[in-house]
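Architecture and fold: a report
In case you want the letters, here they are:
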Amino acid sequence: MIGIMGYLSIFPLQFVFLQFKPTHFIADRLNKIALKIVFFFCGFPVRIEGKENVDKSETYVLVANHASYLDIPMMFFVNKGYGVFVGKSSLSKVPLFGYMYKKLYILVNRKDPRSRTRVYDMGKKVLGEGKNLIIFPEGTIPKNAPEMLRFKDGAFKIAIES
């Protein structure tokens with residue numbers, strides 16, 4: 001409930017920044033701020049180790065296993081700068097959140113090969129624009145988490161080619 005209230009509190013301002021591509025980074029930053037507030041009020045302290053090893057002038061493909069719904073907000077804390085998530089297309093159907101997700105991030109229909117190809121091309125474009133790309137290469141949360149699924153190789157190909 002706190003998460004929903006946190007998101008609803010920023011959405012009106014975020015909606016304004018979602019209207020113009022040059023201000024999308026501000027909408028993304030609002031997501032980070034809202035998550036920090038939610039984690040604070042939920043009593044979830046977050047500590048990221050190794051931040052000093054990240055060069056903010058470089059772009060990265062950030063990959064992580066997908067063991068829970070907390071993995072996504074944690075990537076906001078790990079990512080420095082503007083990061084573009086790759087996520088399932090069904091997220092676009094979530095009221096308000098789906099609108100934001102379609103505007104800021106890359107949607108993939110995992111059953112459509114053309115959609116996966118489009119994600120690959122868009123991922124390379126995102127990196128070329130100086131943004132980080134955030135992908136969960138398992139593609140879903142495993143039913144037996146923390147046991148991991150086989151990683152799909154698209155994220156790694158994008159990283160190598162970029």
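An account of the accompanying structure is given in this report. Every chain's residues receive numbers from 1 upward, in the order its sequence appears when written. Residues qualify for local features only when their pLDDT is at least 70, as the model is predicted, and side-chain atom pairs are given and counted only at 80 or more; totals for whole chains, interfaces and linings, by contrast, use all residues. Here the side-chain values reflect all heavy atoms present in the structure, with hydrogen atoms and water set aside.

**Section: the sheet that holds strand 1 (residues 61-63)**
If DSSP finds at least two bridges between two strands, the strands pair. Strands here are runs of E lasting at least two residues and helices are runs of H or I lasting at least four, both read from the DSSP assignment and numbered beginning at the N terminus. Strands sit in the order 1-4-2-3 across an open sheet of 4 strands; the sheet is parallel. Two strands in the sheet have a free side with no partner beyond their single neighbour: strand 1 and strand 3 (106-108). The average angle at which neighbouring strand axes cross in this sheet is 20°, direction not considered. Direction of pairing for strand 1 relative to strand 4 (residues 132-135): parallel, over a ladder of 3 bridges. Paired with Leu62 across the two strands is Ile134, which belongs to strand 4. Sheet strands touched by helix 6 (residues 154-161): strand 1 and strand 4. Its angle to strand 1, the strand with the most contacts, is close to 155°. Here the axes come from fitting lines to C-alpha atoms, over the contacting stretch only for helices, and the angles between their N-to-C directions go from 0 to 180 degrees. By definition in these notes, contact holds between two residues if any of their heavy atoms fall within 4.5 Å.

**Side note on a nonpolar patch on the surface**
Residues Ile4, Met5, Leu8 and Leu96 make up a contiguous nonpolar surface patch of about 360 Å² in total accessible area. Along the chain, the position of Met5 falls in helix 1 (residues 2-18). Two distance rules govern patches: like charges are joined within 9 Å, and nonpolar side chains (Val, Leu, Ile, Met, Phe, Trp, Tyr) within 5 Å, applied only to residues with over 30% relative accessible area and no salt bridge. Only the protein chains shown count as covering a residue, and every accessible area follows the Shrake-Rupley method with a 1.4 Å probe. Salt bridge, as used here, is a side-chain nitrogen of Lys or Arg placed within 4 Å of a carboxyl oxygen of Asp or Glu.

**A short note on the packing of aromatic side chains**
Pairing of aromatic side chains here covers Phe, Tyr and the six-membered ring of Trp, requires ring centres within 6.5 Å, and sorts the geometry by plane angle: under 30 degrees stacked, over 60 edge-to-face, intermediate tilted. One pass over the full model with this rule turns up 10 aromatic pairs. Every member of this aromatic cluster is reached through a ring pair, and the members are Phe76, Phe85, Phe97, Tyr101 and Tyr105.

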